[in-house]
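# An overview of the molecular structure
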Amino acid sequence: MKSSARVVVIGGGVVGASALFHLTELGWTDVVLVERRELTAGSTWHAAGGMHTLNGDPNVAKLQQYTVGLYREIEQRSGQNCSIHMPGGLMLAGDRERMDWLRMAQARGRYLGMDMEIISAAEAKRMFPLLEEQYFIGALFDRAEGHVDPTGVTRAYAGCARQAGAEIYQHTWVSDLRQRPDSTWDVITESGEIHAEHIVNAGGLWAREVGRMIGLELPVLAMEHMYLITEDMDEVAEYNTAAGHELPMGLDFDGELYIRQEGGGVLLGTYEQACVPWSPRETPWTFDQQLLVPDLDRLAPSLEIAFKHYPALADVGIKKVINGPFTFAPDGNPLVGPVPGVRNCWVACAVMAGLSQGGGVGLTLARWMADGDPGEDIWAMDVARFGNWASLAYTNAKVREGYRRRFRITFPNEELPAGRALHTTPVYDRLTAHNAVWGASFGLEHPLWFQRPGEEPREDVTFRRSNAYHVVAEECTTVRERVGLTECSNFAKYRLTGPGSAGWLQRLFTNRLPQTGRINLTAALDPNGHIVGEFSVARVGTDDFFLFGSQIAEAHHSRWFLGHLADGVRFDVLGLSLVGLSLAGPGARDVLQSVTDASLATENYPFMTFRRIDVGMIPAYVGRMTYTGDLGYEIWVAPEYQRALFDLLWQAGKSYGIGLFGFRALMSLRMEKMFGTWAREYRPIYTPVEARMHRALKLDHDFIGRAAAEAELSRGPARTLGYFDITPDPTEPADVVGDEPIWHGGAVVGWATSGAYAHYSRRSLAFGYVPSELAVPGAMFEVEIIGQRRPARLLPEPVLDPAGRRMRA
Ligand SMILES: Cc1cc2nc3c(=O)[nH]c(=O)nc-3n(C[C@H](O)[C@H](O)[C@H](O)COP(=O)(O)OP(=O)(O)OC[C@H]3O[C@@H](n4cnc5c(N)ncnc54)[C@H](O)[C@@H]3O)c2cc1C
């Protein structure tokens, strides 16, 4: 065994083998993989081998597409048979909502180049004669679906990696991990130690235990999962003879099951409601290529539906039932990337569909390690999307919820119930008393809208406009015509102090730093000129700054700041040690002025001022800006003051017609002001030139990514963020939610990033990226919303107050 290597990958399942292979592809050949038993000894060996490209997140779908396309190549290069079967797959809809969902999935697939087709129930029956047509109303057919042999695939990755110089040590358990002061690692194994620059935790069923070796609690939980294989069936043989190929794969959402041909019979797997976590606290190291005891009672409700939907199954014997464990993160997507706060430590775990996703996970991880950038938009898989709030018990609740909902639709306005009201701010009860409808983001509760008194605070879930529509319209009017109050604690807040902070920050930010007492907007870029983040920067001293950014990116951004930290600079994540309320609307100044001695007149407190003042008796930092685009203030206080602040402002606002507004209204208000948002318009795959962040891009100083931004400015961006006025379907209006394809001249040319109905301006608006040469004001496009191509006119400027007079009033 080698005593040193550049990378040690821990775990020889399909994911670890893929990571090893992809590292060698990028020229990192001094790499080893250490496996405690044999390759595939965790979840991989008993997987059903199914693979598909469909995923709720189009970026994950793209990586699944890459994975499926990779198998022929690794099979050929390694000489290892992967048993690739590509019969295509049917996603079967039993009702209108599912049909809408499939149409949207098909639409999203268009700009990824996926070839999927909506077909009738009769056509589905023709392709899959075992199904009973009456239970379905249509289907989506995807040619790129199939199944492989999981062991063959893992060996093929390993074989290719070995050919390139990688070494694999089986029967070698990693018992401990120790980091040296220079951030390199001693990997302690049964057969000796390996000194490594980087470690990759691809421990699958044991990823949690490997994390614990370095004091890390990864949000991963294994669930039991069962599938059965039937005896050979005449119906299958007849189909094979007549069609000349095997049955397509089937995903039956109503039945919460998947079905495909296996030999001369079928394989049927279920995501049963009575699901069971496996080893919820600790995975035993003694678990060794074992299966779990099948529990047919748990499968019974699913089998009952299966016998109705596929009657021939009722008469066939069951040859085998497999019950095995595999892992999930709280939202069902993998955990990939550099672990925040631990140098040279990477994860590739919680991959619940290793045969669909393993290739993409390995590719992006390897690129991230070799190039410092995953090369694709993997926001949905970044390990940094969870914070410390994702505890073992939280993970357990969310994973069970996700397992049960595996084949359920999650609507764009749907908030899931597990793990809720866990992380709240001090005004939570106050806002609940005002009938708040709550959402959760990065674990924190935030008010979405405020139901009318006496009515149930509940939102109907839908792809179209919900029962919130009229109430949110009133909240928008309150802000635009009088004064609105909302909670704004759901920003990430950071403080930077210490000598040299200003010089350090200036190197990271595209905009000049503000003067003391002022705020401005800025972006941070990676060396290739892609957006790492966008922030409001408030300066309270020469070397003293508050930064406000996207809350969901708190761990992601902290990892980046800490990774660049200079000596002497102190970086603190403020979390809920700083909470906020925001006043917005033409009456905002009058309300705030009535409770403070500080003069808020524009000449004394102009737009983009940030100062420490007293509000009533409460010490506060008050920034004169809001995301509504109206006159407004964000008031930041220690949590122990937030309730008193709320009561003070609410009382003071009564004579000015104050009302509460929530996140839904904020999204509507920001749309009519053409304000983009993180994770939608601004993501790590876009550049500030594409995203039209020119006002925050000043080339008068040096900053990371400057050369790339300058080059792009001079040659012009290939794509541009457009702002669209949509004409929705008049009979069943629906607005853009994000990820819809944008059409021009009969072809898909781009995709929407977000949208909303701008109530005050009475327009359905959206953002989206299109080729720059088409981004001409007034140009007509179409956006495909729930299967309908709706007219979309590209607008040159915000529909409300383009000169920004309201904010500066
Ligand atoms: C019944 C069932 C059916 C499934 N069907 C499908 C399907 O059809 N399609 C699909 O895509 N997915 C399917 N899956 C899921 C699939 O099995 C997983 O996504 C995949 O196996 C995950 O691979 P992995 O490499 O992350 O983890 P694992 O396969 O668990 O590999 C982790 C490896 O790390 C090793 N290891 C851990 N700790 C150490 C240590 N300290 N030292 C050395 N080695 C260590 C383990 O021995 C293990 O071999 C199914 C799962 C089950 C249970």
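Residues numbered from 1 in each chain as written. Predicted model: local features only at pLDDT ≥ 70, side-chain atom pairs only at ≥ 80, totals over all residues. Heavy atoms only, no water.

### Things to note about the packing of helix α1 (residues 14-25) against helix α9 (residues 354-371)
Defined as follows: Orientation is described by axes fitted as lines to C-alpha atoms, over the contacting stretch for helices, and by angles from 0 to 180 degrees between their N-to-C directions. Only DSSP runs of H or I reaching four residues or more are called helices, and only runs of E reaching two or more are called strands; each is numbered from the N terminus. Relative orientations are named as follows: roughly parallel for angles under 35 degrees, roughly antiparallel for angles over 145 degrees, roughly perpendicular for angles from 65 to 115 degrees, and oblique for any other angle. Crossing handedness is read from the near helix: turned anticlockwise from the far helix by less than a right angle, it gives a left-handed crossing, and turned clockwise, a right-handed one. Whether two residues are in contact is decided by their heavy atoms: any pair within 4.5 Å suffices. Note on residue categories: nonpolar means Ala, Val, Leu, Ile, Met, Phe, Trp, Tyr, Cys or Pro, charged means Asp, Glu, Lys or Arg, and polar means any other residue, Gly included.
Packing of α1 against α9 leaves a shortest axis separation of 8 Å and a crossing angle of 40°. Looking at the two axes, α1 sits oblique to α9. As α1 packs across α9, the resulting crossing turns out to be right-handed. Mapping the contact onto sequence places V14, V15, S18, A19, H22 and L23 in α1 and G354, L355, G358, G359, V361, G362, L363, L365, A366 and M369 in α9. In terms of residue class, the contact of α1 with α9 is built from 10 nonpolar, six polar and no charged.

### Quick notes on the nonpolar core
We apply this condition: The term nonpolar core refers to a set of buried residues drawn from Ala, Val, Leu, Ile, Met, Phe, Trp, Tyr and Cys, joined through side-chain atoms within 4.5 Å. Whether a residue is buried, partly exposed or exposed follows from its accessible area with a 1.4 Å probe, protein chains only, as a fraction of its type maximum: under 20%, in between, or over 50%, in that order.
Among the nonpolar cores identified, the biggest contains 76 residues, and Y258, Y271, F328, I531, F724, I726 and F781 are the most heavily contacted of them. Setting aside anything within four residues of it in sequence, one finds F328 in contact with P219, V220, L221, M223, Y271, A350, M352, V399 and Y403. Membership of the second largest hydrophobic core comes to 46 residues, among which are V14, V31, Y71 and A366.

### Brief notes about the sheet that holds strand β25 (residues 531-541)
Using the following cut-off: For two strands to be treated as a pair, DSSP must find at least two bridges joining them.
In spatial order, the strands read β24-β25-β26-β23-β27; together these five strands make up an open sheet with antiparallel pairing. Only two strands of the sheet have a single neighbouring strand rather than two, namely β24 (519-525) and β27 (570-573). The average angle at which neighbouring strand axes cross in this sheet is 30°, direction not considered. As judged from the seven bridges shared by β24 and β25, these two strands associate in the antiparallel manner. By the bridge assignment, L525 is partnered in β25 with I531. Contacts from helix α14 (residues 554-563) reach β23 (491-497), β24, β25, β26 (544-550) and β27, with the element oriented near 75° to β25.

### Considerations on the site of the ligand
Which entries qualify depends on this criterion: We call a residue near a molecule or strand whenever a single non-hydrogen atom of that residue lies within 4 Å of it. Side-chain atoms alone can form a polar contact between residues adjacent in sequence; in general such a contact is a pair of N or O atoms within 3.5 Å, and within protein one must be able to donate a hydrogen while the other accepts it. Here the open area of atoms and residues is found with the Shrake-Rupley method and a 1.4 Å probe, where only the protein chains shown may cover a residue.
What surrounds the ligand is a group of 39 residues, the closest being E35, T44, G50, V351 and G354. Taking V15, its main chain carries an N or O atom lying 3.1 Å from an oxygen atom of the ligand. Here an oxygen atom of the ligand sits 2.5 Å away from a polar atom, N or O, in the side chain of T44. Burial of the ligand by the surrounding chains reaches 97%, relative to a free accessible area of 1,000 Å². Secondary structure elements with two or more residues in the shell around the ligand: α1, β12 (221-230), β17 (318-328) and α9. Among the residues making up the shell around the ligand, the classes are represented as 21 nonpolar, 16 polar and two charged.

### Some details on the sheet that holds strand β37 (residues 780-785)
Judged by pairing direction, the barrel is antiparallel, and its six strands sit side by side in the order β33-β36-β35-β34-β37-β38 before closing back on the first. Neighbour-to-neighbour, the strand axes of the sheet open up by a mean angle of 45°, direction not taken into account. Sheet topology places strand β34 (residues 741-744) next to β37; two bridges connect them, and they run antiparallel. Note that in β37 the partner of I742 across the bridge is V783. Helix α17 (residues 663-672) rests against β33 (719-726), β35 (747-758) and β36 (763-771) of the sheet, and its axis sits at about 120° to β35.

### Digging into the pattern of salt bridges
The cut-off we apply is this: A pair is scored as a salt bridge if a Lys or Arg side-chain nitrogen falls within 4 Å of a carboxyl oxygen belonging to Asp or Glu.
In total, this model carries 52 salt bridges according to the counting rule given. R465 is paired through a salt bridge with D735; the nearest N and O atoms lie 2.7 Å apart. Taken as a pair, R465 in the loop between β21 (444-450) and α12 (469-481) and D735 in the loop between β33 and β34 lie far apart in primary sequence, 270 residues in all. Judged by its relative accessible area of 24%, R465 is partly exposed. Each member of the salt-bridge network shares a partner with another, and the members are R96, D100, R103, R464 and E732.

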